[in-house]
Amino acid sequence: MSFQIVGTGRANPALVLTNEMVSKLVDTNDEWIVTRTGINTRYVSTDETLLDLSVEAANNALNKAGIEGKDLDLIICSTLEGDYITPSLSCLVQREIGAVCPAVDINAACSGFIYGLDMADAYITSDKAETILLIGAEMMTRHLDWKDRSTCVLFGDGAGAVVLKKGNGLKSIKITAKGDDKLLVIGNVFCSSPFSNQPQTDPHFRMNGGEVFKFAVGSALRDVKEVMKKAGVTVSDVKMLIPHQANLRVSQFVKEKMGFSDEQLASAIDHYGNTSSASIPLLLDELVEEGKLSSGDIIVLTAFGGGLTTGACVIEL
Ligand code: UT7
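The shown structure was predicted, so the numbers you read here are calculated from the model rather than taken from an experiment. (Residues numbered from 1 in each chain as written. Predicted model: local features only at pLDDT ≥ 70, side-chain atom pairs only at ≥ 80, totals over all residues. Heavy atoms only, no water.)

**Q** Could you clarify how one ought to interpret the nonpolar core in this entry?
**A** Across soluble globular proteins, you tend to see nonpolar side chains buried next to one another. Counting 40 residues, the largest nonpolar core has Met228 and Val300 as the members making the most contacts within it. Residue assignment for this core shows that the elements contributing at least two residues are α7 (209-231), α8 (248-258), β12 (298-305) and β13 (309-316). Among the elements that line this core, the one with the most residues is α7, at 9 residues. Not counting residues up to four positions away in its chain, the partners in contact with Met228 are Val233, Thr234, Val235, Val238, Met258, Phe260, Val300 and Val314. In terms of nonpolar packing, the next biggest core, distinct from the first, is built from 37 residues, Tyr115, Leu170, Ile173 and Cys313 among them. (Core = buried A, V, L, I, M, F, W, Y, C linked by side-chain atoms within 4.5 Å. Buried < 20%, exposed > 50% of the residue type's maximum accessible area, 1.4 Å probe, protein only. Helix = DSSP H or I, 4+ residues; strand = E, 2+ residues; numbered from the N terminus. Contact = heavy atoms within 4.5 Å.)

Quick look at the structure:
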């Protein structure tokens, strides 16, 4: 027995940045961004902290699940980085929602939400936890070079959360890693030390978009096939394919190669952009809220990103 998703939630900053607004900062245009990525607008944080977004998403998910913070056995936050290096984002969420359980952040970049599901599965199947809060929370816009048109048009900020309880929802799951610091990198900023001979790294998001695109389509297709086979489900059993929202063309490639219909492909990149590990739980909560998904539906999740990491799973809601 593994987990069942019993509640979903999300939170976005107030500011909506349109392609028109981005084109005032760099040499780009709405037509290029829409046709190459599928993005129209994205949410960008101004006064909101990552903790604010995480707590709002967490409370939404807890309310829908009918569970209080004090009932949680574990909090996992998937994030590239919280507002501080320490305390972790998850520890501060724990304080804000009245939980008393252990709390830990994980960083598997855009695949982090599926890594979090895998970790939750391990805790629940080993009887170390029965009720887990998993949050995907990212503030990508803090890492962008707003002079680099090849990357600054792509990303947005947000947080999505799920509450997981012991149950039979998870049908199969897979995560992978292949160490690489050439294709997708965000450098770290360290304080200067009189003893260090190491140069500062570039703190901006840098990506070889074409190579990451090839990695994304290849790995997503491989992972989706594998988890569906392991779960014993076919395309017609699946209500929706929910890919990490990096590029509409990546999602459509996987949809077409697998033989899913247009209706089976979930997408929200038009209004979120790429929110890294927040993208799947943000979209999941929207689909549940809009009544497009309900109890008993089978969904396939797939993600890929920095690390390089990938993950995929099949879940019955
Ligand atoms: O979430 C983590 C995983 N990330 C991904 O999976 C992202 C995967 N990669 C991609 O989504 C795409 O590679 C991008 C959207 C990043 C780029 O799209 P592309 O079709 O691969 O474009 P490109 O980088 O090959 O650039 C094509 C042209 C270039 O001009 P030239 O050299 O052909 O004259 C770029 O300079 O488009 C130009 N370009 C732009 N033009 C207008 C690049 N960015 C822009 C821009 N506006 N924002």
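What follows picks up the thread again.
**Q** Explain the domain arrangement of the protein here, please?
**A** One frequent convention defines the size of an interface as the accessible area lost when the parts assemble. Assigned domains of the protein: these are domain 1 (2-168) and domain 2 (172-316). Relative to domain 2, the C-alpha centre of domain 1 lies at a distance of 14 Å. Across the contact, 50 residues belong to domain 1 and 46 residues belong to domain 2. With both chains or domains summed, domain 1 and domain 2 bury close to 3,800 Å², and 60% of this area falls on carbon and sulfur atoms. (Domains from an automatic or database assignment. Buried area = accessible area lost by both parts, 1.4 Å probe.)

**Q** Honestly, the site of the ligand in this entry has me stumped. Any pointers?
**A** Contacts to the ligand come from 22 residues, most closely from Thr28, Arg36, His244, Asn247 and Asn274. Here an oxygen atom of the ligand sits 3.1 Å away from a polar atom, N or O, in the main chain of Gly209. Within the complex, 70% of the 960 Å² of free accessible area of the ligand lies under protein. Counting residues per element, the ones that place at least two in the shell around the ligand are α2 (30-37), α6 (149-152) and α7. Here the shell around the ligand gets 5 residues from one element, more than from any other, and that element is α7. (Near = heavy atom within 4 Å. Polar contact = N/O pair within 3.5 Å; in protein donor to acceptor, adjacent residues only side chain to side chain. Areas by Shrake-Rupley, 256 points an atom, 1.4 Å probe, with all protein chains shown as cover.)

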